[in-house]
Structure formats: C-alpha cells, structure tokens
Amino acid sequence: MRGDGARLGGALLAGLVLLSAPAALALPKYRVEAARFLGHDKDDPLWQLSGKVMPCVTCHTQPQGGKGWNPFGQSLQAEFRAQPQASFRTVLRSVLAREADADADGYPDALEFFARTLPGDPRSKPAKSLRDLRAEFEQAGGLPEEKPKK
C-alpha cells in the first residue's frame, strides 16, 4: 500500500512538472515578438522553448534576464521613453534602423540580429566581414516591415 502512495505521488509530481514546463520555459512577450519580427522563428519548430533563439542576454546582462541591461537593451529603453505609446515592433525597428552599434564591435545592431549574434555583447560578432554581411542583409530584404506577420 505504501508503494502505491509513493507511485501516485511521483506520478502527480511528474504531471505537475510536465504541465508547468511550457510556461516556465516559454519566452517572455518581448522576446517572442522580437523573434517573430526578425524571422528567428522560422528554422526551429520548438523556437518558443529555446533560449538560443532570442536569449535574455540579447538585452540583459544576466543569462536569466531581470535587472541589468546591456548597451543594446539600454538603447531599447531609451527608445521606449522617446516613444511611450509605440508598439514594441515600432521601437525595435526604430532602434535597428539607426544603424547604431550598441556594443561598439564594428557591426550595426541590425546586422548582428541578421547574423544571429548579440548586439549588446562586443565579444559576440558575426563571422563574415561587414561588407559581405551587409550585402547579404540587403539581398535578403533588409529590415522587416513593422506590420505583424499573419
């Protein structure tokens, strides 16, 4: 009888873990929106559960997010202050359209997103030359429009 209770308790605990995992692992709202806007949701059917698609350190200084913003995150914060009524897509596009290089690594933030490197971390740089990456970016259509994808 005691073994049945332990098995039942284990099964309940496993069920709770499985039910709560998607909520615990899902990307926060802005990361989901940025991933969709930038097309980073295309190659991985489980992209919403992946920390690699749009890691917290895209904008934050800590791998788990929270307080502490890197230079790219600070540029987003400044743009939110400048456009308090704007949507996140509008703010993100405005920041990327400036051709700024938040982390001063020689690559504009938009090109870093295109290359899937981190625009707020100077150690994270695209492998391609700036000229080659820019040509590839332009050939791919440049920055996406602000309209949500259907």
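Refer to the structure printed above.
Please read all numbers here as calculations on a predicted model, not as lab measurements.

Caption draft 1: Quick look at unusual backbone geometry. Backbone geometry places Glu99, a non-glycine residue, at a positive phi of 65°. Mapping Glu99 onto the fold places it in the loop between helix H4 (88-97) and helix H5 (109-115). Classification of Glu99 as partly exposed rests on a relative accessible area of 37%. Positive phi, close to 55°, is recorded for Ala104, a residue that is not glycine.

Caption draft 2: Here's a closer look at the pattern of salt bridges. Applying the stated criterion across every chain, the model contains 6 salt bridges. With a shortest N-O distance of 2.1 Å, Arg98 and Glu79 are connected by a salt bridge. In this pair, Arg98 is assigned in the loop between H4 and H5 and Glu79 in helix H3 (residues 71-82), connecting sequence segments 19 residues apart. Looking at Glu79, the relative accessible area reads 7%, which means it is buried. Between Asp132 and Arg131 there is a salt bridge, with the nearest N and O atoms lying 3.9 Å from each other. On the accessibility criterion, Asp132 (42% relative accessible area) is partly exposed. With relative accessibility at 68%, the residue Arg131 sits in the exposed group.

Caption draft 3: How the structure looks around the packing of H3 against H4. The geometry of H3 relative to H4 is characterised by a closest axis approach of 9 Å and an angle of 120° between their N-to-C directions. Classified by the angle between their axes, H3 and H4 sit oblique to one another. Note on packing geometry: the crossing formed by H3 with H4 is right-handed. Along its contact with H3, which presents Phe72, Ser75, Leu76, Glu79 and Phe80, the element H4 presents Phe88, Val91, Leu92, Ser94, Val95 and Leu96. Among the residues forming the contact of H3 with H4, the class breakdown is 8 nonpolar, 2 polar and 1 charged.

Caption draft 4: Fine view of the nonpolar core. Leu38, Met54, Phe72, Leu76, Leu92, Leu96 and Phe113 are the most contacted members of the largest nonpolar core, which totals 23 residues. Listing elements by their share of this core, those giving two or more residues are helix H2 (29-37), H3, H4, H5 and helix H6 (130-139). Sorting elements by how many residues they give to this core places H4 first, with 5 residues.

Caption draft 5: Seen up close, the packing of aromatic side chains. Under the defined criterion, the tally for this structure stands at 5 aromatic pairs. Ring centres 5.8 Å apart and planes at 45° place the aromatic pair Tyr30 and Phe80 in the tilted group. Remark: Phe80 occurs in helix H3 and Tyr30 occurs in helix H2; sequence separation between them is 50 residues. Phe80 sits in the partly exposed class, given a relative accessible area of 25%. For the pair Phe72 and Phe113, a centre-to-centre distance of 5.3 Å together with 70° between the ring planes defines the contact as edge-to-face. With Phe72 in helix H3 and Phe113 in helix H5, this residue pair connects regions lying 41 residues apart in the sequence.

Criteria and cut-off values
- Residues numbered from 1 in each chain as written.
- Predicted model: local features only at pLDDT ≥ 70, side-chain atom pairs only at ≥ 80, totals over all residues.
- Heavy atoms only, no water.
- Helix = DSSP H or I, 4+ residues; strand = E, 2+ residues; numbered from the N terminus.
- Buried < 20%, exposed > 50% of the residue type's maximum accessible area, 1.4 Å probe, protein only.
- Salt bridge = Lys/Arg side-chain N within 4 Å of Asp/Glu carboxyl O.
- Axes fitted to C-alpha atoms, helices over the stretch in contact; angles between N-to-C directions.
- Parallel < 35°, antiparallel > 145°, perpendicular 65-115°, else oblique.
- Left-handed = near helix turned anticlockwise from the far one by under 90°.
- Contact = heavy atoms within 4.5 Å.
- Nonpolar A, V, L, I, M, F, W, Y, C, P; charged D, E, K, R; others polar.
- Core = buried A, V, L, I, M, F, W, Y, C linked by side-chain atoms within 4.5 Å.
- Phe/Tyr/Trp six-rings, centres within 6.5 Å; stacked < 30°, edge-to-face > 60°.

Limitation: the analysis is restricted to geometry and does not speak to function.
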